Structures are given as structure tokens and as C-alpha cells.
Amino acid sequence: MKDFQKAVIVVPATIKVVKSVRCVLRNFLAANDVNDEDMVYDLELALSEALVNVIEHTYKFDSSKLISCTFEMKEDTFEIRIRDFGPKVDLQKLNPRPLSQPREGGLGLYLIRNLVDNWQYEDVCTGNSLLLRRKVK
């Protein structure tokens, strides 16, 4: 059993911190012997897209708000939990745009859904919680 199975980082809702959170993710995975570069990149990208969605759509670029990210290793599965404290997301409106409509942006949900094995919104009393899972071993 590894000693470093869970990490929590709380950051302000600003695009500037996304790179730092990705670095924490990469180091957490390395500490847990997850060294597949393609998988690490996929998880970094999924995390980045989720963070940017919170910053842009939930918090409307209000950098005084906070986002909590939890990284957890559970046997052969890695979990990322992204928690915000903004308005509830209307799950009925969460549809990625069709790939047949070329334009910049709007692919975050598509990427997230295709880079992880499982994703789900968890019911929390305030804000939103997105859980991403991927088998790593």
C-alpha cells in the first residue's frame, strides 16, 4: 500500500492556476507509480478542461471564488474530484457541441468524457462536484 493515496488542493478560480494543478496531478501520479505518459497527459487534459469549465461557466472568471481538487488512488483506479461552490449546474443543459460544427471552443465535455473511464456529477448541498475515474493499473 502506498503512503500517498490522497491529495487535496484548493485554488482560486483563475486560469493561471491550471498549470500548477496539472503539476500536482502529475507528481501525485508519479508518486503512485503511474508513469504511462499518454495516460498522464489524458488525465491532465481532462482536469484542465473541467477546471476551465468551472472558472468560465460557473464562476464567470471571478477569481475570488475557490475550487477544490482531490486526487485519490483506489487500488487500480485513479479518481479526480473537482468541487466548486457556485450555482448548481443544470445537467440537462450539459451537452457537448457536435463535432460536425467546426468552431473554436466547446469541446471540454467531449474531451472529458473521452479521456476518462467514468464521470459523474455528485449531489452536494452547495455548488457542484464532478468525479472522474480512470483505471491506471
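For the structure itself, consult the block above.
Residues numbered from 1 in each chain as written. Predicted model: local features only at pLDDT ≥ 70, side-chain atom pairs only at ≥ 80, totals over all residues. Heavy atoms only, no water.

A. Molecular detail of the sheet that holds strand 5 (residues 128-135). With respect to topology, five strands assemble into an open sheet ordered 1-2-3-5-4, the strand pairing being antiparallel. Strand pairing shows two members of the sheet lacking a second neighbour, strand 1 (6-12) and strand 4 (118-122), which therefore form its edges. Neighbour to neighbour, the strand axes of the sheet diverge by 15° on average, direction disregarded. Strand direction decides the pairing type here: strand 1 and strand 2 (residues 66-74), joined by seven bridges, are antiparallel. By the bridge assignment, Lys-6 is partnered in strand 2 with Glu-72. In the packing of helix 2 (residues 37-58) onto the sheet, contacts are made with strand 2, strand 3 (77-84) and strand 5, and the angle to strand 3 comes to roughly 10°. (Pairing = 2+ DSSP bridges. Helix = DSSP H or I, 4+ residues; strand = E, 2+ residues; numbered from the N terminus. Axes fitted to C-alpha atoms, helices over the stretch in contact; angles between N-to-C directions. Contact = heavy atoms within 4.5 Å.)

B. The arrangement of unusual backbone geometry in detail. A positive phi angle is found at Lys-60, which is not glycine, with a value near 55°. Note on placement: Lys-60 falls in the loop between helix 2 and strand 2. Non-glycine residue Glu-75 carries a positive phi angle of around 55°. Along the chain, Glu-75 turns up in the loop between strand 2 and strand 3. Since its relative accessible area comes to 74%, Glu-75 is described here as exposed. (Buried < 20%, exposed > 50% of the residue type's maximum accessible area, 1.4 Å probe, protein only.)

C. Structural detail: the pairing of strand 5. Of all eight residues in strand 5, six are buried; the element is thus mostly enclosed. In this sheet, strand 5 lies alongside strand 3 in antiparallel orientation, the contact comprising eight bridges. By the bridge assignment, Phe-78 is partnered in strand 5 with Arg-134. Strand direction decides the pairing type here: strand 4 and strand 5, joined by five bridges, are antiparallel. Within the sheet, the bridge partner assigned to Gln-120 lies in strand 5 and is Leu-131. Between strand 4 and the antiparallel strand that follows it, strand 5, lie five residues; Gly-127 among them carries a positive phi value of about 80°.

D. Molecular detail of the pattern of salt bridges. Per the counting criterion, the structure on display carries nine salt bridges. A salt bridge links Arg-134 to Asp-42; the shortest N-O distance between them is 3.0 Å. On the criterion of sequence distance, the pair formed by Arg-134 in strand 5 and Asp-42 in helix 2 is long-range, its members being 92 residues apart. Between Arg-133 and Glu-79 there is a salt bridge whose closest N-O contact spans 2.9 Å. Residue Arg-133 is located in strand 5, and its partner Glu-79 is located in strand 3; the two are separated by 54 residues in the primary sequence. Exposure remark for Arg-133: the relative accessible area of 25% places this residue in the partly exposed category. Several salt bridges converge on common partners, so that one network encompasses Arg-22, Arg-26, Glu-37 and Glu-44. (Salt bridge = Lys/Arg side-chain N within 4 Å of Asp/Glu carboxyl O.)

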